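Okay, here's what each chain looks like letter by letter:
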Amino acid sequence: MTVSTPTASPSRRHAAVLVAGGSGARFGLAVPKQYLPLAGMSVLRRALLPFADHPDIDPVVVVVSPRHQDTAGRAVARLPVRLLPLAGSERQDTVRNALEWLAAQPSVPDGVVVHDAARPLVTAALLDRVLASVGPEQGAIAAVPVRDTLKRGTGDPARIAATVHRSGLWQAQTPQAFPFGPLLAAHRALATTPVTDDAALAEQAGLPVALVEGDARNFKITHTEDLAMAEALLASPATGSIPCTGTGYDVHRLVPGDGMTLCGVPIRAPFRLSGHSDADVGLHALTDAILGAIADGDIGSHFPPSDPQWRGASSDRFLSHALERVGVYEGRLAHIDVTLVCERPKIGPHRQAMRERIAAITGLPLDRVSVKATTSERLGFTGREEGIAALASATVLVPA
Ligand code: MG
């Protein structure tokens with residue numbers, strides 16, 4: 001993430017607390033919902049990108065259950081965030097534990113913004129609106145006015161007992177931002193008073209809280225159908241988006257060995273590809289194509305070959321990083337096409353597995369992932385089997 005510091009700005013420093021302690025009981029899955037994939041990256045990772053990328057927010061702490069620390073570590077890999085395995089039994093305990101951790105740091109933030117990891121469609125614009133309204137003596141939360149007529153129900157099966165006037169009613173969302181000291185004091189004083197959001201504690205402690213125009217798309221992933229709806233929103237082109245196409249090209253040398261990874265698929269062979277990382281020439285070309293579509297450098301500028309941490313690295317990490325950059329630009333990957341140029345190995349038997357692997361990494365449907373292969377008629381370095389070349393194109397829909 002690039003983080004720029006505004007010059008001569010009176011802006012206050014905020015910590016962010018991402019609440020990711022949920023157990024996923026409602027989904028009935030072994031993996032909590034915040035770790036499920038959503039259009040190419042986990043729900044949690046998508047939810048925290050606007051915070052990790054914000055110039056006035058530092059640190060970003062992600063509070064998780066100690067039971068899911070490994071999964072969480074993979075979900076936040078390489079982001080400038082701090083993982084805290086301090087989730088409590090209730091959401092309120094989780095937030096309080098994070099605030100106490102922040103209070104014990106050498107430098108205490110001016111403010112804190114709390115966000116549910118299960119709201120992955122939060123935008124940088126919404127975060128900015130909330131931060132613009134929080135101050136030393138006032139909190140601010142994202143909220144949307146209630147649109148539907150509300151009924152109070154009774155009995156089973158339910159019948160209407162009363163109509164509740166919706167005027168003046170709002171649905172609270174997150175982000176919720178507060179001055180740090182007052183929120184910590186409210187959490188400490190009201191630790192045994194059960195509440196469902198931080199604004200409720202601020203209210204009870206007498207801190208004014210502003211309602212900031214939220215976003216209907218910033219809904220909470222609670223049930224499986226919510227995840228499907230979020231996928232659909234991310235997949236449908238935004239009004240006024242522009243399709244941008246990038247291309248990529250890569251070559252790696254063939255040397256004696258015992259196989260290779262091509263387009264993310266392990267292939268047994270009496271040779272291997274030589275390179276600093278796992279030398280997956282297909283995924284390298286594809287990563288460059290995606291970076292090209294958002295005009296954000298190339299694979300070498302994001303992952304310098306001189307950096308020892310990429311020695312032997314699995315190239316799906318490079319691809320995932322490029323997809324994250326697409327997210328930072330609020331773009332959406334629409335289509336990819338990879339061509340491998342080699343005499344051996346024969347690509348045909350592996351083509352479907354390669355498409356499926358790339359679809360799994362990118363979150364694209366299979367019919368938007370193309371893998372093709374050709375030989376070069378025994379001509380040139382590919383024809384002499386000295387190396388494998390790969391070409392790729394990627395189309396990304398970016399906001400106009
Ligand atoms: Mg390469």
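Please read these numbers as outputs of a predicted model, since none were measured by experiment.

**A few points about unusual backbone geometry**
If a residue is not glycine, its phi is most likely negative; likewise, a peptide bond is most likely trans.
Next, step 1: Between Asp58 and Pro59 the backbone carries a cis peptide bond, its omega angle lying at 0°.
Next, step 2: Turning to its location among the elements, Pro59 is positioned in strand S4 (residues 57-64).
Next, step 3: Residue Pro157 is reached from Asp156 by a cis peptide bond, and omega for that bond is 5°.
Next, step 4: If you trace the backbone, Pro157 turns up in the loop between strand S8 (150-154) and strand S9 (159-164).
Next, step 5: Within the chain, Glu377 stands out as a residue other than glycine whose phi angle is a positive 55°.
Next, step 6: Inspection of the secondary structure assignment puts Glu377 in the loop between strand S17 (369-374) and helix H12 (380-383).
Next, step 7: By relative accessible area, which is 65% here, Glu377 ends up exposed.

**Details of the sheet that holds strand S12 (residues 241-256)**
Next, step 1: Across the sheet, five strands lie side by side as S15-S12-S18-S16-S17; this open sheet has mixed pairing. Where the open sheet ends on each side, the last strands, each with one partner, are strand S15 (271-274) and S17. The average angle at which neighbouring strand axes cross in this sheet is 25°, direction not considered.
Next, step 2: In this sheet, S17 lies alongside strand S16 (residues 332-341) in parallel orientation, the contact comprising six bridges. Bridging from a neighbouring strand, Leu340 pairs with Ala373 of S17.

**What about the pairing of S4?**
Next, step 1: Across the eight residues of S4, six count as buried, placing the element largely inside the fold.
Next, step 2: The sheet contact formed by strand S1 (residues 14-20) and S4 spans six bridges and is parallel. For Val19, the partnering residue across the bridge sits in S4 and is Val63.
Next, step 3: Relative to strand S5 (residues 82-84), S4 runs parallel, the two being bridged by three bridges. Its bridge partner being in S5, Val62 is matched across the sheet by Leu83.
Next, step 4: Tracing the backbone out of S4, into helix H2 (residues 69-75) and back to the parallel element S5 gives a crossover that is right-handed.

**Regarding the nonpolar core**
Next, step 1: Membership of the largest hydrophobic core comes to 42 residues, with the highest contact counts inside it found for Met260, Leu262, Leu286, Ile290, Leu340, Met354 and Ile358.
Next, step 2: It is helix H8 (residues 281-293) that contributes the most residues to this core, eight residues altogether.
Next, step 3: Sequence-distant contacts of Leu286, that is, excluding residues within four places in its chain, are made with Leu319, Ile336, Val338, Ile358 and Ala392.
Next, step 4: With 33 residues, the next largest nonpolar core counts Leu18, Phe51, Leu79 and Ala142 among its residues.

**Side note on the domain arrangement of the chain**
Next, step 1: If you check the domain split of the chain, you get domain 1 (2-235) and domain 2 (241-399).
Next, step 2: When each unit is reduced to the centre of its C-alpha atoms, the spacing between domain 1 and domain 2 is 36 Å.
Next, step 3: Facing the 13 residues of domain 1 at the interface are 13 residues of domain 2.
Next, step 4: Both sides of the domain 1 and domain 2 interface together cover about 970 Å² of buried area, and 47% of this is carbon and sulfur.
Next, step 5: Where domain 1 packs against domain 2, one counts one salt bridge.
Next, step 6: With its nearest N and O atoms 2.2 Å apart, the salt bridge here joins Glu324 to Arg45.
Next, step 7: Applying the counting rule to domain 1 against domain 2 returns two residue pairs in polar contact (both at pLDDT 80 or more).
Next, step 8: Of all the secondary-structure elements, those providing two or more residues to the side of domain 1 that touches domain 2 are helix H1 (43-52) and helix H7 (224-235).
Next, step 9: Top element by residues in the side of domain 1 that touches domain 2 is H7. It accounts for three residues.
Next, step 10: Here the residues of the side of domain 1 that touches domain 2 are counted per class, giving eight nonpolar, two polar and three charged.

**Quick look at the packing of helix H3 (residues 91-103) against helix H5 (residues 180-189)**
Next, step 1: Relative to each other, H3 and H5 sit at 130°, their axes nearing to 10 Å. With respect to H5, the element H3 is oriented oblique. You can see that H3 and H5 cross each other, and the crossing is left-handed. Residues Gln92, Val95, Arg96, Leu99, Glu100, Leu102 and Ala103 of H3 form the contact with H5, whose participating residues are Phe180, Leu183, Leu184, His187 and Arg188.
Next, step 2: Looking at the contact of H3 with H5 residue by residue, the classes come out as seven nonpolar, two polar and three charged.

How each quantity is defined
Residues numbered from 1 in each chain as written. Predicted model: local features only at pLDDT ≥ 70, side-chain atom pairs only at ≥ 80, totals over all residues. Heavy atoms only, no water. Helix = DSSP H or I, 4+ residues; strand = E, 2+ residues; numbered from the N terminus. Buried < 20%, exposed > 50% of the residue type's maximum accessible area, 1.4 Å probe, protein only. Pairing = 2+ DSSP bridges. Axes fitted to C-alpha atoms, helices over the stretch in contact; angles between N-to-C directions. Right-handed = clockwise from strand over helix to strand, strands pointing away. Core = buried A, V, L, I, M, F, W, Y, C linked by side-chain atoms within 4.5 Å. Contact = heavy atoms within 4.5 Å. Domains from an automatic or database assignment. Buried area = accessible area lost by both parts, 1.4 Å probe. Salt bridge = Lys/Arg side-chain N within 4 Å of Asp/Glu carboxyl O. Polar contact = N/O pair within 3.5 Å; in protein donor to acceptor, adjacent residues only side chain to side chain. Nonpolar A, V, L, I, M, F, W, Y, C, P; charged D, E, K, R; others polar. Parallel < 35°, antiparallel > 145°, perpendicular 65-115°, else oblique. Left-handed = near helix turned anticlockwise from the far one by under 90°.

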